[in-house]
Amino acid sequence: SAAFSQAFLDMPRPERPLKVAVIGAGLAGLSCAKYLSDAGHKPVVLEARDVLGGKVAAWQDKDGDWVETGLHIFFGAYPNVNQMFTELGIRDRLQWKSHSMIFAMPGQQTADGFQRFSRFEFPALLPAPLNGLVAILLNNEMLTFPEKIQFGIGLLPAILFGQKYVEECDSLTVSQWMKKQGVPDRVNDEVFIAMAKALNFIDPENLSMTVVLTALNRFLQETHGSKMAFLDGPPPTRLCQPMADHMLARGGELRMEQRISEILLNDDKTVKGLKMQDGSTVVADAYVSTMPVDILKLALPEAWRPMPYFEKLNGLNGVPVINIHMWFDRKLTTVDHLLFSRSPLLSVYADMSLTCKGYRDDDKSMLELVFAPAKDWIGKSDEDIIEATMGELYRLFPNELSKDGSGAKLLKSAVVKTPLSVYEATAGRELYRPVQTTPVSNFFLAGCFTKQKYLASMEGATFSGKLAARALCDAAIAGTVPLQKESSAVAA
Ligand code: FAD
């Protein structure tokens, strides 16, 4: 990824820099704009909202507390995101946690009445894949030895046949793959329900096995692949703003609260301009959409819809998810890490007052929890969602929370619903993910749903933006992007 970044700086400076309208200031849009500016082009980023970040957006409530769209974890196996932090000089903002995966054991308590956790500890001195294998072998609370062996045998084809096999497994759900490979149901119930919910907010009966194998592959091949970090504060200020500042310093532009309402076409079906919601038009040499796939589908011009490239997008749909914040009047846990809840309604959670320097509080807890699958809950009221979450928390914190109100008190809560978030990675979706180069010579796509090997994630979004920037720069060098007559993008 460092060499890929360097290539933008090493490209011959364009005689006439392209004005590129980048739609969306999420990680894909900001990454694309950053690398276009590194290559000497002029991105104009158009963001519909008044906050940067898209699915990593965050804002302050009336008390000044931050509310986030999602609890976000960075992995060692995110080369392009980690490289981005390095290039922006902000590596110290990633707070790396111990190399462990920690699963709650709901309903089980320690001798002194506290919630029990089961840990997979990756020994620091061993390289991959040995560190992962030792972590799995030493954990005997969740899986028995014979179950581990059966799962290991099931994984053999993935080890032997590599990426080709991983891709072929997209036709199977996690549950179907487990059955086919003779892996006991308990492995699915104990580990993979939690994994599937964390990876794509859905259950193993629906999740494509490719997603799980892709994650396992990275974790087993890279010594620090499964190491996790929390950002030290809200993503818009701690990550997105430095990305924007980088391209602004190189002649780029950022226009907030600029929602595009229509893509206007020339007779040859290339893009003529973008009609904005305020009635203005933005004209550029080239256009990159990083809008989420559901919004992109609605924005597609009629003339593009029959094209097989765009028609395929109908196979992708966003998955609902809910992010919950709960502020308690005292500390609920001392675990400074991501926790897999293994409870029916919740996925992962963390006490952000411990895990995130910017949200630190020595006396109180702020739990951030991902509520998934959220299909049956997305339409319910915040009160219903918080009540259901409290039901789960009584089991997760048996010593700290009590139904009679004698334990920790909930001070306030915030519920953020994203009805259509990342694309739902059900079996068979890989076929529908578009590459960044479209059949339209001045229109490119980025976004975590577009084709790249890091799935729907911050890494996937950042990498997709970089790939789109590269495709555009290459097209500019090849002279295949039709240039506008004026030498600048015009807002008329
Ligand atoms: P987006 O972030 O959706 O950006 C698209 C942008 O386009 C938005 O800013 C939007 O406002 C803008 N836009 C839309 N329509 C228009 C329009 N008409 N005009 C102008 N602008 C427009 N990933 C991880 O790697 N680790 C995690 O732990 C993790 N946890 C998550 C938890 C939750 C609850 C959620 C929702 C996501 C999580 N993700 C995680 C996934 C990650 O957030 C996304 O994959 C990534 O942020 C997507 O970035 P993107 O740029 O592709 O899309």
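Residues numbered from 1 in each chain as written. Predicted model: local features only at pLDDT ≥ 70, side-chain atom pairs only at ≥ 80, totals over all residues. Heavy atoms only, no water.

Novice: Looking at this structure, I do not really get the overall build of the protein chain. What am I missing?
Specialist: Summing up its helical and strand segments, the protein chain has 14 helices and 21 strands in all. Against the globule reference of 23 Å for 492 residues, the protein chain gives a C-alpha radius of gyration of 23 Å, in line with a compact fold. Principal axes of the C-alpha set define a box for the protein chain whose edges measure 75 × 55 × 40 Å. Across the 492 residues of the protein chain, 57% fall into the buried class. (Helix = DSSP H or I, 4+ residues; strand = E, 2+ residues; numbered from the N terminus. Rg over C-alpha atoms; globule rule 2.2 N^0.38 Å. Buried < 20%, exposed > 50% of the residue type's maximum accessible area, 1.4 Å probe, protein only.)

Novice: What's the story with the site of the ligand in this structure? I'm lost.
Specialist: Every one of the 37 residues lining the ligand counts as a neighbour, but Glu47, Lys55, His72, Tyr78 and Met458 are closest to it. A distance of 2.9 Å is found between an oxygen atom of the ligand and a backbone nitrogen or oxygen belonging to Ala28. Burial of the ligand by the protein amounts to 94% of the accessible area it has alone, namely 1000 Å². Where the shell around the ligand is concerned, the elements lending two or more residues are helix 2 (27-38) and helix 14 (458-478). (Near = heavy atom within 4 Å. Polar contact = N/O pair within 3.5 Å; in protein donor to acceptor, adjacent residues only side chain to side chain. Areas by Shrake-Rupley, 256 points an atom, 1.4 Å probe, with all protein chains shown as cover.)

Novice: I would appreciate a short explanation of the sheet that holds strand 7 (residues 100-109) in the present structure.
Specialist: Two strands in a sheet stick together by hydrogen bonds in their backbones, pointing the same way (parallel) or opposite ways (antiparallel). If you walk across this open sheet you meet the 7 strands as 8-7-16-17-18-15-19, and the pairing is mixed. Since the sheet does not close on itself, it has two edges, and those belong to strand 8 (115-121) and strand 19 (410-418), each with one partner. Here strand 15 (residues 321-328) runs beside strand 18 (residues 365-371); their pairing, made up of 7 bridges, is antiparallel. Paired with Phe328 across the bridge in strand 18 is Ser365. (Pairing = 2+ DSSP bridges.)

Novice: Is there a simple way to explain the environment of Leu94 in this structure?
Specialist: Considering the arrangement of structural elements, one finds Leu94 in strand 6 (residues 94-96). You can call Leu94 buried: its relative accessible area is 6%. Not counting residues within four places of it along the chain, the set of residues in contact with Leu94 comprises Phe74, Asn82, Phe85, Ala229 and Phe230. (Contact = heavy atoms within 4.5 Å.)

Novice: Please clarify how the packing of aromatic side chains should be interpreted in this entry.
Specialist: Any pair of aromatic rings gets described here by the distance separating the centres and the angle formed by the planes. Enumeration over the complete set of coordinates arrives at 17 aromatic pairs. Taken together, a centroid distance of 5.6 Å and an interplanar angle of 70 degrees make the contact between Phe103 and Phe120 edge-to-face. Taken as a pair, Phe103 in strand 7 and Phe120 in strand 8 lie far apart in primary sequence, 17 residues in all. Each member of the pair Phe103 and Phe120 is classed as buried. (Phe/Tyr/Trp six-rings, centres within 6.5 Å; stacked < 30°, edge-to-face > 60°.)

Novice: Even after reading the chapter, I still don't get the side chain of Asn323, so can you show me in this structure?
Specialist: Looking at where Asn323 falls in the secondary structure, it is placed in strand 15. For Asn323, a relative accessible area of 2% translates into the label buried. Within the local environment of Asn323, its side chain forms a polar contact with the backbone oxygen of Glu68, the two atoms lying 3.0 Å apart. Setting aside residues up to four positions removed in sequence, Asn323 forms contacts with Glu68, Thr69, Gly70, Leu71, Glu368, Leu369, Val370, Ala414, Val415 and Val416.

Novice: Any chance you could explain a nonpolar patch on the surface here in plain terms?
Specialist: On the surface, a nonpolar cluster with roughly 850 Å² of combined accessible area is contributed by Leu137, Phe145, Ile149, Ile153, Leu156, Ile159, Leu160 and Phe161. Among the elements that make up the nonpolar patch, the one with the highest residue count is helix 5 (residues 145-168) (7 residues). (Patch = residues over 30% accessible without salt bridge, like charges linked within 9 Å, V, L, I, M, F, W, Y side chains within 5 Å. Salt bridge = Lys/Arg side-chain N within 4 Å of Asp/Glu carboxyl O.)

Novice: Where do I start with the packing of helix 7 (residues 185-200) against helix 8 (residues 209-221) in this structure?
Specialist: A pair of packed helices is captured by two measures, namely the crossing angle of their axes and the spacing between those axes. At a minimum axis separation of 11 Å, helix 7 and helix 8 run at an interaxial angle of 95 degrees. As judged from the angle between their axes, helix 7 and helix 8 are roughly perpendicular. Contacts from Phe192, Met195 and Leu199 in helix 7 reach Val211, Val212, Ala215 and Leu216 in helix 8. For the contact of helix 7 with helix 8, the class distribution of residues is 7 nonpolar, no polar and no charged. (Axes fitted to C-alpha atoms, helices over the stretch in contact; angles between N-to-C directions. Parallel < 35°, antiparallel > 145°, perpendicular 65-115°, else oblique. Nonpolar A, V, L, I, M, F, W, Y, C, P; charged D, E, K, R; others polar.)

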